[in-house]
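# Residue-level structural notes
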Amino acid sequence: PTESPIDPSTEPPTESPIDPSTEPPTESPIDSSTEPPTKPPTKLTVPPTFTPTGSLFCPELSIEFSNDYFEAVKKIYETVSGEGAFDGNDQDRNNALNFIIDNQVCESPPEMIQRYIAALFYFSTDGGDGVWTEDSTWLSAAHECEWEGINCDDDDIIVKISQDSNTLGGTIPFEICDLPELTALDVDGNNIGGVIPEIIENCQKLEVFDIDDNAITGTIPEGLYTIPPLYIIDMNNNELTGTLSRKVGDVSALRIIQLNNNKLSGSIPPQFSKLQEIQVADFYNNEFTGVIARSICQNRENLDKFVKLTADCQGTIPQVQCLEGCCTDCF
């Protein structure tokens, strides 16, 4: 016969008897295959495929199944990097996303965004390519507040990124302005190129913008002059072009502005005289022309703290005309 007959007497019982000595523990053992790896893989380009163990895979994000994790995280980061940011060949943003996925970060959306932006800053400025002089703590398992050059407040929210003279390259990612408490970006003395992020105005708590001695090009975004607490604009020794907006007079907290050694043109706007806290203004080695307004010179006389004003005012036919005693140094 094609099938062997079944002896009813040998059929297994519908339910196996339980031997009390072998009863399972009161808590089900956890399948080790569902636990996250102790060391993340070096690169992940597809969603993880773990099986849920009965509880939420990521409670902070209300993600029940591990297969939903990738898309949920990507959707969070598209709110800062833009829809479709991870669908093309943007290596820096994809690397930052994969860093989060590889490590299965599960935190609240604001915390997820902060860690992503910190990682993105690293990749966007050529971190990981052997370019940075010192990067030993970056992308470590430690909280990003412990990465060298990142300062946080008591609530572990980033308030300052400082990477002076660390051979950074690449560009400044516009997403840094999605760090809601950022007060200082200090990256002078590097090889950063590209342009100043057009949405710099979203950094509304920025107090120090220090990007001198780099290779940054383009114009100065108008939005920079709309940041109320900004008191240091240090952008000398770059390749900036365009003019100095009359809106510079609206930055009422401004104390130091250093624009020397760029390719800026036009005139120094008379609205600069509205700045009552100004102490240092360096405009030399540019393509500025015209006359420095008498009102600016009057501030030099009336404000004891206004101790330095420089321009290209040297020679019998100076590029910039400065009233006698107004400019402290002519070049």
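The rules behind these values
Residues numbered from 1 in each chain as written. Predicted model: local features only at pLDDT ≥ 70, side-chain atom pairs only at ≥ 80, totals over all residues. Heavy atoms only, no water. Helix = DSSP H or I, 4+ residues; strand = E, 2+ residues; numbered from the N terminus. Expected span 1.5 Å × (residues − 1). Buried < 20%, exposed > 50% of the residue type's maximum accessible area, 1.4 Å probe, protein only. Contact = heavy atoms within 4.5 Å. Core = buried A, V, L, I, M, F, W, Y, C linked by side-chain atoms within 4.5 Å. Patch = residues over 30% accessible without salt bridge, like charges linked within 9 Å, V, L, I, M, F, W, Y side chains within 5 Å. Areas by Shrake-Rupley, 256 points an atom, 1.4 Å probe, with all protein chains shown as cover. Salt bridge = Lys/Arg side-chain N within 4 Å of Asp/Glu carboxyl O. Lys, Arg positive; Asp, Glu negative; His and termini not counted. Charge placed at Lys NZ, Arg CZ, Asp CG, Glu CD.

### What to know about helix 3 (residues 109–124)
Because each turn of an α-helix spans 3.6 residues, side chains separated by three or four positions end up pointing in the same direction. Taking 1.5 Å per residue as the helical rise, helix 3 with its 16 residues ought to reach 22 Å, and the 22 Å between its terminal C-alpha atoms agrees with that figure. In terms of burial, helix 3 is largely enclosed, as 13 of its 16 residues are buried. Phi for Asp126, located one or two positions after helix 3, is positive at around 70°.

### Points about the side chain of Asp210
Along the polypeptide, Asp210 turns up in strand 4 (residues 208–210). With residues up to four places along the chain from it excluded, the contact list for Asp210 reads Leu185, Asp186, Val187, Asp188 and Asp234.

### Details of the nonpolar core
The biggest cluster of nonpolar side chains holds 83 residues, and the ones touching the most others in it are Tyr77, Phe209, Met235 and Phe272. Put simply, the parts of the chain that give this core at least two residues each are helix 1 (69–81), helix 2 (91–102), helix 3, strand 2 (158–162), helix 4 (294–302) and strand 13 (308–311). For this core, the element with the most residues is helix 3, which contributes 10 residues.

### A short note on a negative patch on the surface
Taken together, the side chains of Glu60, Glu111, Glu146, Asp154, Asp155 and Asp156 make up a negatively charged region of the molecular surface. Considering the arrangement of structural elements, one finds Asp154 in the loop between strand 1 (150–152) and strand 2.

### Looking at the environment of Asn98
Inspection of the secondary structure assignment puts Asn98 in helix 2. For Asn98, a relative accessible area of 9% translates into the label buried. Put simply, Asn98 and Tyr116 are 18 residues apart on the chain and 9.6 Å apart in space, counted from C-alpha to C-alpha.

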